[in-house]
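# Structure assessment
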Amino acid sequence: MNTRQQSKLIYSWYGKPLNSDRKLRTSQYTGILITSESTKTEACIQLGDFILVEGVNADQPYVAQLMDLYEDGAQHKRAVVQWFCRLEEIPQNKRKLLKREISAQEVFFDQVLGYDTDIAAETIIKSIMVLPLHLGEELPIITLNREQTFYVRQSWDGKCFKVLSPDTFSKLKEANKKRGVITNSSKAFIPSDILTPVKRETGSVVRSATKSKNPDMEIESKHSTSKSSLAKERHSQRVANNDIKTPTARKKLELNSPTRSKSRLLGCEVLGLLDDDCDSIAPLEPSATKRKVKFPSEILGSPPKIPCSNDKSKSTIETAEERQRFSETMQFSPYTKVKDFSEKDKNLHEKDDILSLVGYQKPSSQIPVLTPRSRRTCAQKTSALIAEQISMLDQEDFQSGSDSSYSSNSEEEEDDDMPCTPEKKPKSSRIFSTPKSSRKSAVHTPAKTPKKTPLQGTPRTPRTPRTPRNATPEIPRRIQAAQEPASVLEEARLRLHVSAIPESLPCREEEFQDIYNFVESKLIDGTGGCMYISGVPGTGKTATVHEVIRCLQQAAENEELPPFQFVEINGMKLTDPHQAYVQILEFLTGQKVTATHAAVLLAKLFSTPGPKRKTTVLIVDELDLLWTRKQNVMYNLFDWPTQKHSKLIILAIANTMDLPERIMMNRVASRLGLTRMSFQPYTYKQLQQIVSSRLKGVKAFEEDAVQLVSRKVAALSGDARRCLDICRRATEICEFARQKRTPEIVRMAHVTEAIDEMFSSPYVNAIRNASLHEQIFLKAILAEFRRAGIEEATVQQIYHHYVALCRVEGLQSPTVSEIMAICSRLGACRLLLVEASNKYLHMRVRLNLSQDDVMYALREE
Amino acid sequence: MRPTARPSSARAPASLREPRIQPMKPSAMNKRKLKESSAESAENISQVQKILRERFCHHCAAGKLFGMEQQYRHLLELLKRTTVHGESNSALIIGPRGSGKTALLNHVLKDLREMKQVRENLLEVHLNGLLQTNDKVALKEITRQLQLENVVGDKVFGSFAENLAFLLEALRKGDRTSSCPILFVLDEFDLFVHHKNQTLLYNLFDISQSAQTPVTVIGLTCRQDILELLEKRVKSRFSHRQIYLTNSFDFKQYIKIFKKQLSLPDEFPDESFAQKWNNNVQHLSEDKTVQAVLQNLFHHTKDLRSLHLLLMLAGSAVTVHHPLLTAADLQEASRHHSTDSKANIVHGLSVLEICLIIAMKHLNEVYDGEPFNFQMVYNEFQKFIQRKAHSMYNFEKPVVMKAFEHLLQLELVQPLERPSAAVQREANSQSTRPMAYMSILRNASLWKLMAPSSTSGAMYLRVPTCKGTKTPKVVPRVIPSTGTNPACCHIKSLLCPRLNATVVVPALGINLGSFIPQFLNSN
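Quantities reported herein were computed from a predicted structural model and do not represent experimental measurements.

With that settled, consider the packing of aromatic side chains. One pass over the structure, following the stated rule, counts 17 aromatic pairs over all chains. Ring centres of Tyr62 of chain A and Trp83 of chain A lie 5.6 Å apart, and the angle between their planes is 75 degrees; on these two criteria the pair is classed as edge-to-face. Placement of Tyr62 of chain A in strand β7 (residues 62-71) and of Trp83 of chain A in strand β8 (residues 77-86) is noted, with a sequence separation of 21 residues between them. This pair shows no difference in class: Tyr62 of chain A is buried, exactly as Trp83 of chain A is. Judged by centre distance (5.3 Å) and plane angle (45 degrees), the rings of Phe205 of chain B and Phe238 of chain B are tilted. With Phe205 of chain B in helix α8 (residues 199-208) and Phe238 of chain B in the loop between α10 (232-237) and β5 (242-244), this pair connects stretches of sequence that are 33 residues apart. Taken as a pair, Phe205 of chain B and Phe238 of chain B share a single burial class, namely buried. One aromatic cluster is present, formed by Phe249, Phe251, Tyr254 and Phe298 of chain B through successive ring pairs. Lying over the aromatic face of Tyr682 of chain A, Arg508 of chain A brings its terminal NZ or CZ to 4.2 Å of the ring centre.

Now the structure itself:
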């Protein structure tokens, strides 16, 4: 994906400032013009239009309605929007409030207060359709372009869903109508599929810019041809003005450009927009099809536009023809109705509106019929037929169709997750759009179809036989129901299991409060930060952090805190440190990409301000495993929170207290900061409290027994897991020991047995149960060690002692093979450490335990 | 199975063949009787052999467990709780090789599967450290055994990372009460410990310690120090439940096991034969020589597998005309069992090779175990030839070299691996005789056994040596063979005082080479 063509987008104001505030040095505008440099297409978005806005997930741009456009004092183009939220943006637990199935195309009128409605204008991708529906109303059947159209039925205010108020409803409806969309048209003929070169230098046809491509929609131009000439003139002026501004706009874009997916996306979106603007699909061949003669000659200064002027003459020749065709189109469409709307709509912006409706067109060597130009008119007449063919072709040749469509909107590929090479795409599109291949260009038209906004997990193209993202398999259900604990001991055992989640975490109140305060303060401030948490295994680090997150989530639900996202990665659960990027990105956006790409996307994500950005709380468990030689994973992780817009809070967990000093480079350690917390091993009192809090209400243990376990564990490791495991084992021993059905509680004896089982050294027992010759061999080793004074000997040396010992014992001395067998047996148990056996008698042997232990074990007998 | 109903077509030739093979059969027996009884016993014998074979060769759950009742109950309870209550657990079964770890587990699983509440309620995943050599392979195997791969459709399984995330996700989705418990059996557990970061173990143990799909992890290993190998985080997540299997029985129990392993079951078709056989086994167990054989084996190893091997060897002696085991059979088997492999090789050597070995032995004694090279050996050999020229043919040097080469191939002599300090010294001393040194080097490189740079022509004698003075008489007396070779006698008379007994210890003479080592009989 990263290799995709990057088309530069130029954002420029459309029209003159409506009113400007001198003090604030802001000026408002009615529309914004998005020009794609590479494809020479322009799109205009006006107030009230529905738009897609770049989001965290490139697959899922945000849906919004454009409310206001202004340029602030710092010459930044800003936009004020009314958000719509997708189902994916609504917290999982709230989704069930809906009590109905939600199609992917349904959005909710967003009334959540927390979101920033003021966004940078450069984040606008393209315009789309959002249709208001009544709650009971069925979704209109959509076959093509469905991803371009959204439906709204309910509003969402962060807590519950409400039916759209009539006021909002009508407003939304209005906004759509204004755009010349007639929803209920069932015309099979789709004007949008026909290339209608609209604009000429001389007298271009002014058309509805915001025409929807939805095949079910009638696409309509708002303007009568009579108006057009007037409009055109003004328009061309404006365009010229706008174009002059281009350099600055472009610069801005270039700033964004390293994040390839988005800028790329923008590029294609613009193309898509352009397609929207015209009734027809603009073939993408830049030079041959360039008819964009509307620009005055100053534009020639910008290199990509040169071909325009070259083509001027050509295009003029075609003008008449085109116009004729266009008028036909107009007749096809019930445009009068639309016109009525627009007429009614005589608002302040009307004029600009009209201007904006000028379609920018790269016409028309590619009429679907792909015939020589002379036949174009015929083609028009038979367009209904063509449309049918097209839809068939669409099915057959979807791939090639989408390929060519990529030229106009390559964001398609994005949701396909297809690894496409950037060089390839533009090329192919060019090929397809050349009139040479008739079929392909015919296909080209329906290719518009895929110009829907990418939706997650919708496998549309046949060449993506990928697993749907959420196809995680499940472990089969059990056939018989799990038995519930029947006795006190079983109940106790269940509660003592490490996995049992206690209501509260005793003995970690302080740590809990510290972490909670840290995260809470960062959340409220909307800033980022790191915290490093260390402690030996089993001291409740992860449990405490999870508890904190749980409480914070609860608080966020109760609206005491701003909402946040929670992401967790575990170094031990990654196969490679770089996989951390992949997992984080997948948590955040649901995208699955390669590690390097994910790193880039994340860096972009955290370094740029995004609308609707929530704070992210990231838990990095087992941090030390993210260590790489260059430490770039750690570096990035700790660098992001320091970025201004990242809103990232990192809680890093590891075992060693001095990890930052020991393994991290200075630049990493300094970014980690000094917010550290160390979890001390539990003391016996704490362990006791932990056990008894879990056993609350169940009389299964003697008080002393619990204390014994706690003291024992505290003395050894302070690992709460060990403590619980021992207690659990003790209940088993107790159950095992009791013969009658008398209720029994765990006593000291049981606990002692459990402790012995877990902590006793196996070596002594193993030696005692070894065979006689094995014991003699060990004795021989001891003898040799004592003789030589070194704790290492070869088998040959040991053999001498061995033979002597056998004579003392009155045993037949074994053969060398048997000696070797004994030696390797002891070696397999790791009572001995032995060399590779190919050395035979010269194999060196060492004891794996102390000589005293061996002597102790052997003397007993 | 009485021979009455038996179609004799298949059996008849066998029964006819038997008498022919055994011409020494007492002629007093009349032919018909002979035929009948042999046919009958042939049937029985094949039955017996089948039973014994199954018992000794298959390490299946059908075998009995000895001396591990407590461990059995522990493990059974553990797995029962997993299946019935959905409790997650982890445990290690630790015991030396052949102590019955797998047998115990198989036994428990077999019994578990027969329980009504458990049937079909447990998914099993068996992994072996020798097969799943890294986590990637192990994950694939787990997915395959859990039959999760069909959920993924025809997608070729993705990267290791994808795999892991996929599996963890699958396991995370489950919960105690509704998901089917999974039993992970990790055979050769110690090998999993060496996987990178112990990722697999961490994840398995982590699941077993968290509220996810109930999982029980059972590891089988023979290493006593296994817990020390676990990484601290992995160790903390392991429940520290260890089931130790030690062959803790004494000799009396060993005898009992011996009897149980040999005796025929009650359901044996021919009761009278079974009776006879079992009586014989009882008899054997009380026999002094048998007890001595068993005692010897018991002293060497308590491993039941070696008892099986012994009984297998003995049992193969059972034929129609030798229907019952005898003490001699067991003795013979024991002899086979404890043969020294190197001694066997020495048996097959030619006179020249033996001479060379003796020469090396001399050198070894003279230089106190220092490495030597071919030239030294050859010189030593020449000295011997000069002294005893009348009894020994003087071989050409290339022939001697060939013999030396052969010894190398048999790995009785081992080329030195790395030039140590001592070897360096040796090499320097060799530089005074450059020709010999060069020839050694050349030959060494020709044999491809030594790289010229690393060897410097020095070698170790791989035959064990003992200090002559202290050495006790360790060589078992060898039954003198029939044929006497004069050359052999010579060697014996000449060299035996020098040749230490440990050079060759031919206990049984299975692999009778060109020389019967009578010469070892003395001293």
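Turning to the pairing of strand β3 (residues 182-187) of chain B, a few remarks are in order. Residue and element names in this part refer to chain B. Judged by how many residues are buried, β3 sits mostly within the fold: six of six residues are covered. Side chains Ile182, Phe184 and Leu186 project from β3 onto one buried face, and the interleaved Leu183, Val185 and Asp187 project onto a second face that is buried too. As paired strands, strand β2 (residues 123-128) and β3 are joined by six bridges and run parallel to one another. Residue pairing across strands places Glu124 opposite Leu183, the latter belonging to β3. Bridge count between β3 and strand β4 (residues 215-221): five bridges; the pairing is parallel. The partner of Leu183 across the bridge, within β4, is Thr216.

On to the sheet that holds strand β19 (residues 648-654) of chain A, then. Residue and element names in this part refer to chain A. An order of β17-β18-β19-β16-β20 is seen for the five strands of this open sheet, with the pairing classed as parallel. Every other strand in the sheet has two partners, leaving β17 (564-570) and β20 (676-679) as the edge strands with one partner each. Across the sheet, the mean angle separating the axes of adjacent strands is 15 degrees when strand polarity is ignored. Pairing of β17 with strand β18 (residues 615-621), which is carried by seven bridges, proceeds in the parallel orientation. Bridge pairing in β18 places Gln565 opposite Thr616. Against the sheet, helix α17 (residues 579-589) touches β17 and β18, its axis set at about 150 degrees to β17.

Residue and element names in this part refer to chain B. In this model helix α19 (residues 397-409) runs 18 Å from its N-terminal to its C-terminal C-alpha over 13 residues, within 8% of the 18 Å that 1.5 Å per residue would give. For α19, the set of buried residues is Val400, Met401, Ala403, Phe404, Glu405, Leu407 and Leu408. Directly beyond the C-terminal end of α19, a positive phi value near 60 degrees is found at Glu411.

Cut-off values and rules
Throughout, a residue's number is its position along its own chain's written sequence, starting from 1. Whichever chain is written first is A, and whichever ligand is written first is 1; the rest continue in order. Reporting in this predicted model follows two pLDDT cut-offs: at least 70 for local features of residues, and 80 or more for side-chain atom pairs to be given and counted; totals over whole chains, interfaces and linings ignore these cut-offs and use all residues. Side-chain measures here rest on the full set of heavy atoms in the structure, leaving out hydrogens and waters. Stacked, tilted and edge-to-face are the three classes assigned to paired rings of Phe, Tyr and Trp, where Trp is represented by its six-membered ring and a pair needs centres within 6.5 Å; plane angles under 30 degrees give stacked, over 60 edge-to-face, the rest tilted. Secondary structure is summarised from DSSP: a helix means a run of H or I of at least four residues, a strand means a run of E of at least two, and numbering begins at the N terminus for each. For every residue, the accessible area obtained with a 1.4 Å probe (protein chains only) is divided by the maximum for its type, and the residue is called buried under 20%, exposed over 50%, and partly exposed between those limits. Remark: a charge is flagged as sitting over a ring if the NZ atom of Lys or the CZ atom of Arg is within 6 Å of the ring centre and within 35 degrees of the ring normal. We call two strands paired when DSSP finds no fewer than two bridges between them. A fitted line through C-alpha atoms represents every axis, and for helices the fit uses only the stretch in contact; the resulting angles, taken between N-to-C directions, go from 0 to 180 degrees. Contacts are assigned to residue pairs with any non-hydrogen atoms lying within 4.5 Å of each other. Here a helix's expected span is defined as the number of its residues, less one, multiplied by 1.5 Å.

Shape is all these values report; function is a separate question.
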